Structures are given as structure tokens and as C-alpha cells.
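As a plain string of letters, each chain reads:
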Amino acid sequence: MQRVLVTGAGGQIGSELTPILRKRHGTSGVVATDIRRPGAASAFADGPFEIVDVRDRERIRSLVADLRIDTIYHMAAILSATGEANPRLAWEVNVGGWANVLEAAREFSVGRVFCPSSIAVFGPETPRDPAPQLTVLRPTTMYGLSKVTGELVGDYYVHRYGLDIRGLRYPGIISSEAPPGGGTTDYAVDIFYQAIQAEQYTCFVRPDTVLPMMYMPDCIKATLALMDADFGRLSRHCDYNVAGMSFSAAELAAEIRKHIPSFVCEYAPDFRQAIADSWPLCLDDSLARGDWDWRPAYDLATMTADMVRRLKLRFGK
Ligand SMILES: NC(=O)c1ccc[n+]([C@@H]2O[C@H](COP(=O)([O-])OP(=O)(O)OC[C@H]3O[C@@H](n4cnc5c(N)ncnc54)[C@H](O)[C@@H]3O)[C@@H](O)[C@H]2O)c1
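What counts, and at which threshold
- Residues numbered from 1 in each chain as written.
- Predicted model: local features only at pLDDT ≥ 70, side-chain atom pairs only at ≥ 80, totals over all residues.
- Heavy atoms only, no water.
- Helix = DSSP H or I, 4+ residues; strand = E, 2+ residues; numbered from the N terminus.
- Expected span 1.5 Å × (residues − 1).
- Buried < 20%, exposed > 50% of the residue type's maximum accessible area, 1.4 Å probe, protein only.
- Contact = heavy atoms within 4.5 Å.
- Salt bridge = Lys/Arg side-chain N within 4 Å of Asp/Glu carboxyl O.
- Pairing = 2+ DSSP bridges.
- Axes fitted to C-alpha atoms, helices over the stretch in contact; angles between N-to-C directions.

**Q** Would you mind going over helix α1 (residues 14–25) in detail, with residue names and values included?
**A** An ideal rise of 1.5 Å per residue puts 16 Å on 12 residues; α1 measures up with 15 Å between its terminal C-alpha atoms. The element α1 is largely enclosed, with a buried count of nine among its 12 residues. Considered for burial, the residues of α1 that qualify are Gly 14, Ser 15, Glu 16, Leu 17, Thr 18, Pro 19, Leu 21, Arg 22 and His 25. Contact partners of the buried residues in α1: β1 (4–7), β2 (30–34), β4 (71–74) and α7 (216–228).

In C-alpha cells, the structure reads:
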């Protein structure tokens, strides 16, 4: 039986990925960890859970050794907006935590490791439409530069130690279960909650701001497809561009208005506008499509319809 470790399991992505991993590998085969304990209602509260701070190297070492872990999904991170508020913390968690996971993987010969990267690796000097796979990586946020470092050090462990490390550059992830954790694309989730509960939203980026986004089912699908792919087919390791959809904030509001005609969206850009402006409009993901058959299932219309349906059900609207 595979023994899987998930760090950051309580986050926006980890909290949806963990129950799916438990369906695949068995509940007891997947050890969820986070710096905070999940609530009793959490979708993965039924299986093994450990409090783990990824900055604690000894804790990661002993967990991987004692539980004979052979696969790791490393989801713990500090995201872009939170990282700008506390850059040192972002560096320590995103780079230091990843280094601890990589070292444990090397020392105890973990079979396969997944670590997400982000569109935040791109910066203002990157071509924006689309951002190529191989391009200038000079981000202006601490989050972005911690993710570039993560990609490079992950690739180093593949080539230097022969480990199997895999990663994707996720776009902004839209989902209806756990709230997002302090990123620049959070408006694309918040807007749905406010549209359904208050029929009004004040968006923190300009209406013409276009960013690459992806619906959670596609995020999980991409993650599992990359992890399932034959190693021999992979021409990249820790930095696959992967695209879902791209739209402006105004286009998203208009799409929501098709379901909630009285919805009003206003715009009050804050410090996150500058971060958004440094990221690309869309991504060239042709290598992901060729190497491991990536195809997204959701576009703006189908994602919006599903989000509205789920949240209306949740809030009894
Ligand atoms: N959500 C997105 O839009 C998005 C986009 C691009 C990349 N990513 C990447 O995907 C991964 C998961 O992101 P997410 O959206 O679920 O983030 P999130 O902020 O929702 O969750 C991260 C989790 O990490 C935990 N954590 C923070 N510090 C920790 C520490 N020191 N030790 C252990 N756990 C700690 C948090 O408690 C949280 O549960 C991250 O690597 C992130 O950079 C996310």
C-alpha cells in the first residue's frame, strides 16, 4: 500500500485534494498535516492527521521515516498577498519548508514528490500573452521568487540525486469548499460568495485585469495526471505551465450576472493590483498537453454555473 503525506492539507487546495487521495489510496494510507488542526466538519477529519510545521526539519524527517512515506504532496505555503505582508515568513515556509521536504525525500528515498509552483514565477519582463514555458523568470514578489527558487531546487534534486519530483505552475484556483488563503486571485472566489450572499462585491483589482485561472476540479485533475504520468514522458519536472481559462474581472462579473441579474460589482484596486499587473494574461501549456495529455474541462461559463449552483445550495438561496 502507498503511504502518502500531504502538507498544508487544510488549505484551499489540500482540503479538496486530500479526500480524493484517500479515495485512491485508502483513508489510513494518506496522512494529512498542517500547522493548524482541521475543524470536525472538514472533509478529511476522518483519517490520520498530524500537526506539522514544515519549517521543523526534524519533524518532517521523523514523520517521513517513521510512517515509511513513499509519496508527498507538499501543499504548505504562504501565498502572494500574505507573503508581501510578511516576506520573511514567506521565504522561511516556501523555501525553507520545501528544502526540508526535499532533504527528507532524499534521505529516505521517497518515491515521488509533488510541489505546486505558480504563475507568480513570472514578472513584468515575461511575455504576457501567452507566457511561454521557457522564459524570463524575474518576479517582483517574495512569493514569486520563493516559487522560482522552489522550481530550481526541485529540478536540482531530480538531476543531482535521481529523485522523482513533479510540479505545476497553477493559475489562480477557483473553488467553493475551503476559502482561498491570501493570494492575488482571491477576488475570483470572493466575488461568488458576495454575489450570492449580498448581491454586491467590491473587487480589489480593476475591471480590465485579466489573469489565468482554473476551476478546482481541473486543478485536481492536472495534479493527479502529472503524478500518474510515466517519468520517461516528462520533458520538464517542477515547472509545467498549465492553463485553464483567462478572463477579466469585468467578464467574470458579467458571467455571474447571467445567474444573478441584480448583482452589482464595484472596483477599488489596492496593493494587489500591482501584483496582478506583473503576471501574464494567459499561459502556453503545450508541453503539458503533449507530455501528459493535459486538457482542462471547465471554461468561464461552465465554472461560473457550477460555482453559483454549489454556493446557492450551501447558503439556501
Ligand atoms: N490557490 C491558488 O490560487 C494557488 C495558485 C498557485 C499556486 N498555488 C500553490 O498551491 C499550494 C497550495 O495552495 P493553497 O491555495 O491551498 O494555499 P492555502 O493558503 O489555502 O493553504 C496553505 C496551507 O499551508 C498551511 N501552512 C502555512 N504555513 C505552514 C507551515 N509553516 N507549516 C505547515 N503548514 C503551513 C496553512 O495553514 C494552509 O492550510 C501552495 O504551494 C500555493 O503556492 C495556489
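Anyway, onward from the coordinates.
**Q** Help me get a handle on the pattern of salt bridges, residues and values and all.
**A** By the definition in use, this model includes 24 salt bridges. With its nearest N and O atoms 2.9 Å apart, the salt bridge here joins Arg 289 to Asp 285. With a relative accessible area of 31%, Arg 289 lands in the partly exposed category. With a relative accessible area of 6%, Asp 285 lands in the buried category. One salt-bridge network, held together by shared partners, links Glu 151, Arg 169, Arg 236 and Asp 239.

**Q** Kindly report on the sheet that holds strand β3 (residues 49–51), identifying the contributing residues and their values.
**A** Taking strand neighbours across the sheet as the criterion, the six strands line up as β3-β2-β1-β4-β5-β7 in an open arrangement whose pairing is parallel. Two strands close off the open sheet at either side, each with one partner strand: β3 and β7 (165–166). Direction of pairing for β1 relative to β4: parallel, over a ladder of four bridges. When the sheet's bridge partners are listed, Val 4 is paired in β4 with Thr 71. Packing of α7 onto the sheet brings it into contact with β4, β5 (112–114) and β7, and relative to β5 it is tilted by some 155°.

**Q** Report on the sheet that holds strand β8 (residues 168–170), specifying residues and quantitative values.
**A** The parallel open sheet is built from three strands, whose spatial order is β6-β8-β12. Edge strands, defined here as strands with exactly one partner in the open sheet, are β6 (117–118) and β12 (240–241). When β8 meets β12, the two strands line up parallel, connected through two bridges. Directly across from Arg 169, in β12, lies its bridge partner Asn 241. Sitting on the sheet, α7 touches β8 and β12, and the angle it makes with β8 is about 175°.

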